[in-house]
Structure formats: C-alpha cells, structure tokens
Amino acid sequence: MYKHPLIDRDKMAPSEALKILKEGNHRFINNLRMNNDYPALLENTKNQQHPFASILSCSDSRAPVELIFDQAIGDIFSVRLAGNIASTDAIGSLEFGLKYLKSKLLVVLGHTSCGAVKACCDNFEDASITDVVAKITPCLDLEKTTKDQRSSTNMEFVQKVSDLNVKYQMKEILEKSEIISNLYEKNQISIIGGMYNLESGEVTFFES
Ligand SMILES: [Zn+2]
C-alpha cells in the first residue's frame, strides 16, 4: 500500500525511492492513479518539503514526471529542460534537491521521439535553441553504429542518440558537480537513467 514518502523519507534507502517510482509508473500505465487528498498535502507541505527523488527530465508536454510516476505535491524535485540537458543551472538545481532537500535518488530521464534530440540529429540552429542542442551534440559522435541516414528521419538513430544522451548527461553531472559525486561516492544517493516511452507510457530504467 502506498505511503506518502514525506513520513519516513529520511530513513528511506535509494532503492526504495526507485521502487516508489516504478510502482507509480505501473499505476499510471494501468490507469490506477492514486486519489490524492490535495488539501491535506498542501497542509503537510506548506512549511517543508522532503522530495524523495530529484529528476532531470525534458520539458516535453507529453512527459510530465509527476503524472507518469503518479506522484503528488512534495514528492519530486523536478528540473525540466528541453533534451534533459545538464546545464550549469540544472546541475545547481539538482545539487539543491540532493544536498539540502536530501532526495535519495537522482534520475536523468529521456523520452522517445524527443524534439531536442531530433534537432541535434539535424544540426538545427536558431537563437538560444542552438545552445540547448550543443549540449546534446557530443552524443552524435558517441553513436557509431549508424552509418547512413544520420538524421531525425531515422527513428532508430534518434533513439540511439537519446539513450546515449541520458548516459552522457549523467556523466556530465558527476564530472561537473563535486557535491553530487561526493553524495554518490558515499552511497547517500543513487543515480539512474531512464527512458520514457511516449506511446506506451512506460519508463524503462537503465539498470546496470
Ligand atoms: Zn524531449
């Protein structure tokens, strides 16, 4: 039975945080969403927050993390940027969620058919969108298996770059953030990548 993580969050292991997300995604897929008592949640969280997970995900309107993991107010410290890119501001926000709000789990979540990844595959440039795309561009070189049709018209190529992008952004976070890499090395947090499927509603985690 679901229990609001706020109650025991400080004693929660990172593996439990991941279990809650998996269970929530299962409820979402099966249309078994929780009936949230929002006035009670507002009352519980009005002076404090203890989000059990911090999630870097894409801004895509079809991938709202609270809905796809069936979570409520106070559960997730959410950082959303097109292409789930680990910009300096994104990393700073995650550092706050993990060190000061003490989230137990960091998730970098990509999704299928990501417009930012497609833009990268097509070398798209326009104003500040160029800066977003540039943060994904190193993944094009990492994807060596596709020889022909390396553009957004090749969905298989787009998906391979999307998977690599999640792993690349995770690596960027660990390389650039001493706070987060320290928490990770001390086993105070876990870090995991995932891919949300826009068609099925399912999140697949990159367990390794
Ligand atoms: Zn996207």
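Fair warning: this is a prediction, and the values are worked out from it, not measured in the lab.

A.B. asks: Before we go on, may I ask you to explain the overall build of the protein chain in this structure?
C.D. replies: Secondary structure assignment for the protein chain yields nine helices and five strands. Taking 2.2 N^0.38 as the reference for a compact globule, 208 residues should give roughly 17 Å; the C-alpha atoms of the protein chain span a radius of gyration of 17 Å, in line with that estimate. Projected onto the principal axes, the alpha-carbon positions of the protein chain cover approximately 55 × 40 × 35 Å. Within the protein chain, the proportion of its 208 residues that are buried is 47%.

A.B. asks: Explain the nonpolar core to me, please; I cannot follow it from the model alone.
C.D. replies: Most often, soluble globular proteins keep nonpolar side chains buried together rather than apart. L21, I55, F69, L105, V107, L109 and F205 are the most contacted members of the largest nonpolar core, which totals 20 residues. Those elements giving two or more residues to this core turn out to be α1 (14-29), β1 (53-57), α3 (65-68), β3 (105-111), β4 (190-196) and β5 (203-205). Ranked by size, the runner-up nonpolar core spans 19 residues in total, among them L56, L98, I180 and L183.

A.B. asks: Explanation requested: unusual backbone geometry in the structure shown.
C.D. replies: Note on backbone geometry: most residues besides glycine have negative phi, and most peptide bonds are trans. Positive phi outside glycine occurs at Q149, with the angle close to 50 degrees. Turning to its location among the elements, Q149 is positioned in the loop between α7 (138-142) and α8 (155-176).

A.B. asks: Would you take a moment to explain the pattern of salt bridges for this structure?
C.D. replies: Between side chains of opposite charge, a pair can form as their charged atoms come close. A complete count under the given rule lists eight salt bridges for this structure. Here K171 makes a salt bridge to E175, at a shortest N to O gap of 3.6 Å. Placement of both K171 and E175 in helix α8 is noted, with a separation of four residues, approximately one turn of the helix. A relative accessible area of 43% places K171 in the partly exposed class.

A.B. asks: What's the story with the UniProt feature "binding site: Zn(2+)" (unreviewed entry) in the protein chain in this structure? I'm lost.
C.D. replies: With numbering matched to this structure, UniProt assigns "binding site: Zn(2+)" (unreviewed entry) to C58, D60, H111 and C114. Spanning 57 residues, the named residues nonetheless gather at one spot, since no C-alpha pair among them exceeds 8.7 Å. Considering the arrangement of structural elements, one finds H111 in strand β3. The exposure class of H111 is buried, given its relative accessible area of 2%. Excluding anything up to four places from it in sequence, H111 contacts C58, D60, R62, S162, M195, Y196 and L198. Setting aside residues no more than four positions away along its own chain, C114 makes contact with C58 and G83.

A.B. asks: Looking at this structure, I do not really get the coordination of the zinc ion. What am I missing?
C.D. replies: Around a metal, the idealised angle for a tetrahedral arrangement of four donor atoms is 109.5 degrees; for an octahedral arrangement of six donor atoms it is 90 or 180 degrees. In the first shell of the zinc ion, the protein supplies C58 (SG), H111 (NE2) and C114 (SG), at 2.0 to 2.3 Å from the metal. When the donor residues of the zinc ion are listed from N- to C-terminus, their spacing reads C-x52-H-x2-C. Of this pair, C58 sits in the loop between β1 and α3 while H111 sits in strand β3, and the two are 53 residues apart along the sequence.

A.B. asks: How should I be thinking about the sheet that holds β1 in this particular structure?
C.D. replies: Two modes of strand pairing occur in sheets, parallel and antiparallel, and in both the strands are linked by backbone hydrogen bonds. With respect to topology, five strands assemble into an open sheet ordered β2-β1-β3-β4-β5, the strand pairing being mixed. Strands at the two margins of the open sheet, each flanked by one partner only, are β2 (76-80) and β5. Strand after strand, the sheet turns through a mean of 25 degrees between neighbouring axes, direction not considered. The pairing of β4 with β5 spans three bridges and is antiparallel. Residue pairing in the sheet places M195 in a bridge with T204 of β5.

A.B. asks: Even after reading the chapter, I still don't get the environment of S190, so can you show me in this structure?
C.D. replies: Tracing the backbone shows S190 in strand β4. Residue contacts for S190: discarding those within four places in its chain leaves P14, K104, L105 and L106.

A.B. asks: Sorry, what's going on with the side chain of N165 here?
C.D. replies: Inspection of the secondary structure assignment puts N165 in helix α8. Reaching out from N165, the side chain makes a polar contact with the backbone oxygen of G83 at a distance of 3.0 Å.

A.B. asks: What exactly am I supposed to notice about the side chain of T146 here?
C.D. replies: Positionally, T146 belongs in the loop between α7 and α8. Here the side chain of T146 touches E143 through a polar contact of 2.6 Å, side chain to side chain. If we skip the residues at most four places from it in the chain, T146 touches N154, F157 and K160.

About the thresholds
- Residues numbered from 1 in each chain as written.
- Predicted model: local features only at pLDDT ≥ 70, side-chain atom pairs only at ≥ 80, totals over all residues.
- Heavy atoms only, no water.
- Helix = DSSP H or I, 4+ residues; strand = E, 2+ residues; numbered from the N terminus.
- Rg over C-alpha atoms; globule rule 2.2 N^0.38 Å.
- Buried < 20%, exposed > 50% of the residue type's maximum accessible area, 1.4 Å probe, protein only.
- Core = buried A, V, L, I, M, F, W, Y, C linked by side-chain atoms within 4.5 Å.
- Salt bridge = Lys/Arg side-chain N within 4 Å of Asp/Glu carboxyl O.
- UniProt positions renumbered as here; feature names shortened; annotations may be inferred.
- Contact = heavy atoms within 4.5 Å.
- Donors = N, O, S within 2.8 Å, 3.2 Å for Na, K, Ca; no water.
- Pairing = 2+ DSSP bridges.
- Axes fitted to C-alpha atoms, helices over the stretch in contact; angles between N-to-C directions.
- Polar contact = N/O pair within 3.5 Å; in protein donor to acceptor, adjacent residues only side chain to side chain.

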